[in-house]
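Structure assessment
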Amino acid sequence: MIAIKETENKEKIWLSSPHMSGSEIRFINDAFDNNWIAPLGPNVTGFENDLENYLGFDKQVAALSSGTGAIHLGLKKLGVSNDDLVICQSLTFVATANPILYLGANPMFVDSERDTWNLCPIKLEEAIKSCISQGKKPKAIVAVHLYGMPYKVNEINKIAAEYNIPILEDSAEALGSKYLDQNCGTLGDISILSFNGNKIITTSGGGAIICNSKEDKQELIHWATQSRDQAPHYQHSELGFNYRMSNIVAGIGRGQMTVLDERIKQKRKIYNFYKLELSNSNLEFLNEPKFYFSNRWLTCVLTESYEHREAIRLALLEENIESRPIWKPMHQQPLFKNCQSFENGVADDLFKRGICLPSDTNMTSNDLERIVKIIKNA
Ligand SMILES: *Cc1c(COP(=O)(O)O)cnc(C)c1O
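Now for a quick tour of the structure. Since the structure is predicted, the reported quantities are computational estimates derived from the model, not experimental observations.

Reading guide: rules and limits
Residues numbered from 1 in each chain as written. Predicted model: local features only at pLDDT ≥ 70, side-chain atom pairs only at ≥ 80, totals over all residues. Heavy atoms only, no water. Salt bridge = Lys/Arg side-chain N within 4 Å of Asp/Glu carboxyl O. Helix = DSSP H or I, 4+ residues; strand = E, 2+ residues; numbered from the N terminus. Buried < 20%, exposed > 50% of the residue type's maximum accessible area, 1.4 Å probe, protein only. Core = buried A, V, L, I, M, F, W, Y, C linked by side-chain atoms within 4.5 Å. Pairing = 2+ DSSP bridges. Contact = heavy atoms within 4.5 Å. Axes fitted to C-alpha atoms, helices over the stretch in contact; angles between N-to-C directions. Polar contact = N/O pair within 3.5 Å; in protein donor to acceptor, adjacent residues only side chain to side chain. Near = heavy atom within 4 Å. Areas by Shrake-Rupley, 256 points an atom, 1.4 Å probe, with all protein chains shown as cover. Nonpolar A, V, L, I, M, F, W, Y, C, P; charged D, E, K, R; others polar.

In this section: the pattern of salt bridges. Pairing is possible between side chains that carry opposite charge, provided their charged atoms lie close to one another. What the rule picks out here adds up to 16 salt bridges. Between Glu113 and Lys152 there is a salt bridge; the shortest N-O distance is 4.0 Å. In this pair, Glu113 sits in the loop between strand E3 (106–110) and helix H5 (121–133) while Lys152 sits in the loop between strand E4 (140–144) and helix H6 (153–163), placing the two residues 39 residues apart along the sequence. An identical accessibility class is assigned to Glu113 and Lys152; each is buried. By sharing partners, the salt bridges in this structure join Glu48, Glu52, Lys217 and Arg244 into a single network.

In structure tokens form, the structure reads like this:
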């Protein structure tokens, strides 16, 4: 006899799914009405203005087709080329590191610290010193605000300044997060955002690069549009890319900007709910250090052990609920097996025991209660 509980709710719950405001379609309709379907147009400029106003500090924003493309152009702007060494946070999504390879440079991976799970200042300095002793100063440092939690900006900046190495700030997961009241996305020599499907706001696919001057923005846009020289015919003096955001996609972005702050509130509410409800479950939460503000893109917890993490992940999966282990560090990835790394065991441990809980702003309070009950029983 098969016992099926007919009433059991196994409705799918996502880790983080697109959440439209309703106003996106208005911007897209505008584009259709005016036949602005070609790549550039008023939505691109409008979205860039919205982002510039949001980020502040007189930053310049260029909307691109992806966050990965933005990292590619950003590293190129910092002068990274063939055979250069680039220091990169090991605990991250592979998109942070891939553009280093696109440019023919060599990534050198640096482990995390416990407080924010991001770039460890001690290991960073060790890596820089080691490069210099090998006769090669790193060309750039790629630092990531993982899961929306800002990295130790002051500590990292101090080291970067001491050795005069520029920082590419990967803020793909951290739009709306703040460090000492300054927006993530404005804290690097050059910074990037992503609007991929599962990010805090999405354009279905897209990204942005953030720089300090109109001239820099012009040059980045030039590269992003096949480096076309000014001439009536098509003329090119430099290698270019096809990385510009389209006017349709930018319309989604303008609609999403109207609800960014609301989404951050919802994400933080989800985190606080888990923290309260799971306070007796032997889970360690990633707390905000003083003067840090996380957008809480994904709520992440450390379980007691690999077995405990798997028990939670599988119990959720059984109930049609998506969760995900913490990013597998780049120094453990087969793709990067020949790269140097500076490890302290933190990223390995976070990968082993850490899990991202469903953090979808489309969830109801019933969904959240369902999840918490399963985790408590696991
Ligand atoms: C999503 C993401 C990217 C890449 O952005 P895409 O828009 O998907 O290319 C880069 N870095 C991090 C940390 C990300 O999470």
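One finds Leu51, Trp117, Leu124, Ile141, Tyr147, Leu175 and Phe195 to be the most contacted residues of the largest nonpolar core, which totals 62 residues. Looking at this core element by element, the count peaks at five residues for H6.

Spatially, E1-E9-E8-E5-E4-E2-E3-E14 is the arrangement adopted by the eight strands of the open sheet, whose pairing is mixed. A single partner strand is all that each edge strand has here, and the edge strands are strand E1 (60–64) and strand E14 (341–342). Contacting E1, strand E8 (190–194) and strand E9 (207–211), helix H2 (residues 42–55) crosses the sheet at an angle of about 135° to E1. Those strands touched by helix H3 (residues 67–77) are E1, strand E2 (85–89), E4, strand E5 (167–170), E8 and E9, and its axis lies near 170° from that of E8.

The next subject is the environment of His19. One can find His19 in the segment before helix H1 (24–33). Sequence spacing of His19 and Asn362 is 343 residues, and the spatial spacing of their C-alpha atoms is 6.5 Å. Sequence-distant contacts of His19, defined by excluding residues within four places in its chain, comprise Gln256, Arg263, Gln266, Thr361 and Asn362.

Before going further, it helps to examine the environment of Glu288. By the secondary structure assignment, Glu288 is in the loop between strand E10 (284–285) and strand E11 (292–293). What makes Glu288 partly exposed here is its relative accessible area of 27%. Sequence separation between Glu288 and Glu307 is 19 residues, and the spatial gap between their C-alpha atoms is 27 Å. Discounting residues that sit within four places of it in the chain, Glu288 has contacts with Met149, Arg268, Phe293, Ser294 and Arg296. Within polar-contact distance, the side chain of Glu288 engages the side chain of Arg268 at 2.5 Å. Here the side chain of Glu288 touches Ser294 through a polar contact of 2.8 Å, landing on its backbone nitrogen.

Near the ligand lie 16 residues; those nearest to it are Thr68, Asp170, Glu173, Ser194 and Lys199. Here a nitrogen atom of the ligand and a side-chain polar atom of Asp170 are 2.7 Å apart. Asn196 is positioned with one of its side-chain polar atoms (N or O) 2.8 Å from an oxygen atom of the ligand. Notes on the ligand: free accessible area 380 Å², of which the protein chains cover 95%. The biggest single contributor to the shell around the ligand is H3, with three residues. For the shell around the ligand, the per-class residue count stands at five nonpolar, eight polar and three charged.

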